Amino acid sequence: MKVVLLHHPLKILDEMREFFRISYPLGLMYIASSLRANGHEVRILDALGDGWKTVEKDGEYVRIGMTREQIKKELEKENPDFVGITAQYTSQAEAAHESAAIAKEVNKDIKVIFGGPHASATAPTTLQDPNVDFAFAGEGELTAVELLKDLKNPQNVKGIWYKTETGEVKNTGAANVIQDLDQLPFPAYDLVNVQNYFDAGKEGMSARRFAKGEGNWATMFTTRGCPYTCNFCSIYNTMGRRWRKRSTKNSVDEIEYLYNKYGIRTIFFEDDNFTLDMNHTVEILDEIKKRKLELQWQTPNGVRADRLDRELVAKMKDTGCTRLRVAVEHGDQKFLNEVIHKKMDLSVLEGSVKVVREFGIDMDGFFILGIAGETDQTMRTSVDFMKKLASLGLNPIIGYAVPLPGTELFEVCRKNNYFTKEKFTSKDYQLGYSREPMIQTPWMTTERLKEWYFTAFRETIFARMKHDPRVLANLNIVQELKTNPLKATKLAYSYIKRTLFSRHLGSKSEDPIEATARSVVNLKD
């Protein structure tokens, strides 16, 4: 069968366009290679990668990527049996559905499949769109092959939602987890124009914008899944909670292929937990060293700080690690344990930051503000912890809690009426991380949460300046100055305006952690 996998354009609020980035359609590239290996004719229509310099005004939005007419023309030329669309981000769900409409406009008989984290979490509502025929819930490589093999009997294919002839939406149950990741062919890099991503990186427009050296960068996974149960995280909807690893040989074979074929010199390990099995990490780094692959690499999704030690960090430095990100999430231990369910001892963080910075590796830390149950007291504790780590050289990445569909946090907020509005749109999700909070509780209003956001940003900046001005070089804005001075200036103005002149907070209030924890227990009952 003939399949077109569509990497759809982005639809960004005009006020947020300075935050626009592009990244490889890695999920589509994996599916493409699996379908191709099973005899199907596959094209990746990279509407974003091929059209990343094309910007169209669309009301309060801008569309970045190929125009609607260009996409339509390419689909008419291909006339595929199937169009697969990745609905990766909830903030881009509307853009994905617009692309489905274009496919059906070309030919109503084209079968449209949605996959990715958003589709996995919202499959029943996704299929309310008459332009979407199937939605994958979980990993898509083997599911896609099985569906195309037995299209007349979708009920026999695990891991899909589909419509019957009468329009009824049905589900076939959970997809089978791919146990042997080595069986998957490497992502189909040959079906995208990698030069587009290199060029975007050089101009500071890549999602992984700290690429250095020659500017030739790529992303990859060596593991899938995460056994932890953080209440805000949605990745288990696609990758599951069972942690699986590729063999060392298979992982480094892919790195060597990218190194030789495309001149890749910067690798971003997209694993959700690259250091969960420290022996696995060590083996990969030793093999990179053995094959004399002179790389720079980073972990943009974050690793656990309690899975780092001096020996491992030394190997990281020796094999080209330039930046690590750790997923801290919150600085209040009780809140982290009982509400977020992170199950990490915060006492290890200070030592981890010291060791990483001692080896000259840049370090970022993710922190979330406003998860249901927050009070002034938990916020003050968390901000103080951020300041302590910032003074040691860690760069805090601070954002509001975003209640993603399919997460425990979403269900807690829905059950307790903590959402700021009855129904969220893509616009709300675009603004939700740094502009307009989506959660409010009796203990934390949105206005108070905004003030805490500004306080956290300001105090961590000053902590860095006071203890070690050199760590300012880790700021995203400073990194942007190297590639896109105009964008960096606009970002700096926005941050200064919104943070330095806001009210400082630090008062105490009752602790609702137990109440929130009870809410979670009741939810599970």
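Cut-offs and rules
Residues numbered from 1 in each chain as written. Predicted model: local features only at pLDDT ≥ 70, side-chain atom pairs only at ≥ 80, totals over all residues. Heavy atoms only, no water. Buried < 20%, exposed > 50% of the residue type's maximum accessible area, 1.4 Å probe, protein only. Helix = DSSP H or I, 4+ residues; strand = E, 2+ residues; numbered from the N terminus. Pairing = 2+ DSSP bridges. Right-handed = clockwise from strand over helix to strand, strands pointing away. Axes fitted to C-alpha atoms, helices over the stretch in contact; angles between N-to-C directions. Contact = heavy atoms within 4.5 Å. Arc of directions from axis to C-beta. Polar contact = N/O pair within 3.5 Å; in protein donor to acceptor, adjacent residues only side chain to side chain. Phe/Tyr/Trp six-rings, centres within 6.5 Å; stacked < 30°, edge-to-face > 60°.

A.B. asks: I keep staring at the pairing of strand E15 (residues 296–303) and nothing clicks. Help me out?
C.D. replies: The buried count for E15 comes to six of eight residues, which makes it a mostly enclosed element. Relative to E15, strand E14 (residues 266–269) runs parallel, the two sharing three bridges. Pairing of Thr266 across the sheet is with Gln296, part of E15. Running through helix H10 (residues 278–290), the crossover from E14 to the neighbouring parallel element E15 is right-handed.

A.B. asks: What should I look at first to understand the sheet that holds strand E8 (residues 134–136) in this one?
C.D. replies: Think of a sheet as strands paired side by side through backbone hydrogen bonds, with each pair either parallel or antiparallel. Across the sheet, seven strands lie side by side as E3-E1-E6-E7-E8-E9-E10; this open sheet has mixed pairing. The outermost strands of the open sheet, each flanked by one partner alone, are strand E3 (41–46) and strand E10 (169–171). Here the average twist between neighbouring strands, direction ignored, is 20°. With two bridges joining them, strand E7 (residues 111–115) and E8 adopt parallel strand pairing. Among the inter-strand pairings, Phe114 is bridged to a residue of E8, identified as Ala135. On top of the sheet, helix H3 (residues 93–106) reaches strand E1 (2–7), strand E6 (82–86) and E7; it is set at about 165° to E7, its chief contact.

A.B. asks: What am I meant to see in the side chain of Glu78 here?
C.D. replies: With respect to the helices and strands, the residue Glu78 is situated in helix H2 (residues 68–78). The exposure class assigned to Glu78 is buried, which follows from its relative accessible area of 16%. If sequence neighbours within four positions are ignored, Glu78 has contacts with Lys2, Val4 and Arg43.

A.B. asks: So what exactly am I meant to see when it comes to helix H12 (residues 333–340) here?
C.D. replies: Along an α-helix, residues three or four apart share an orientation, since each turn contains 3.6 residues. What H12 keeps buried is the set Phe335, Leu336, Val339 and Ile340. The buried residues of H12 occupy one face: seen down the axis, they fall within an arc of 110°. Sitting at the amino-terminal end of H12 is Asp332, which places a side-chain oxygen 3.1 Å from the backbone nitrogen of Lys334. Just downstream of H12 lies His341, where phi reads positive at about 65°.

A.B. asks: How do you make sense of the packing of aromatic side chains when you look at a structure like this?
C.D. replies: What characterises a pair of aromatic rings is the spacing of the ring centres plus the angle enclosed by the ring planes. Counted by the stated rule, this structure contains 17 aromatic pairs. Between Tyr189 and Tyr262 the ring centres are 6.1 Å apart and the planes differ by 40°, which places this aromatic pair in the tilted class. You can see Tyr189 sitting in the loop between E10 and helix H7 (194–202) and its partner Tyr262 sitting in helix H9 (residues 248–262), a full 73 residues away along the chain. One exposure class covers both Tyr189 and Tyr262, and it is buried. When the ring of Phe419 is compared with that of Phe424, the centres are 5.2 Å apart and the planes differ by 80°; the resulting orientation is edge-to-face. Here Phe419 matches Phe424 in class, with each residue buried.

A.B. asks: What should I look at first to understand unusual backbone geometry in this one?
C.D. replies: Glycine aside, a negative phi is what most residues show, and trans is what most peptide bonds show. Unlike most non-glycine residues, Lys292 shows phi in positive territory, near 55°. Of note, Lys292 is situated in the loop between H10 and E15.

A.B. asks: It is not clear to me how the sheet that holds E14 should be interpreted in this structure. Could you clarify?
C.D. replies: Pairing is parallel in the open sheet, where six strands are placed in the order E11-E14-E15-E16-E17-E18. Whereas interior strands pair on both sides, the edge strands pair on one side only; in this sheet they are strand E11 (217–220) and strand E18 (395–400). Averaged over all pairs of adjacent strands, the angle between strand axes in this sheet comes to 20°, irrespective of strand direction. Where E11 lies against E14, four bridges are found, and the strand directions are parallel. Pairing of Ala218 across the sheet is with Ile267, part of E14.

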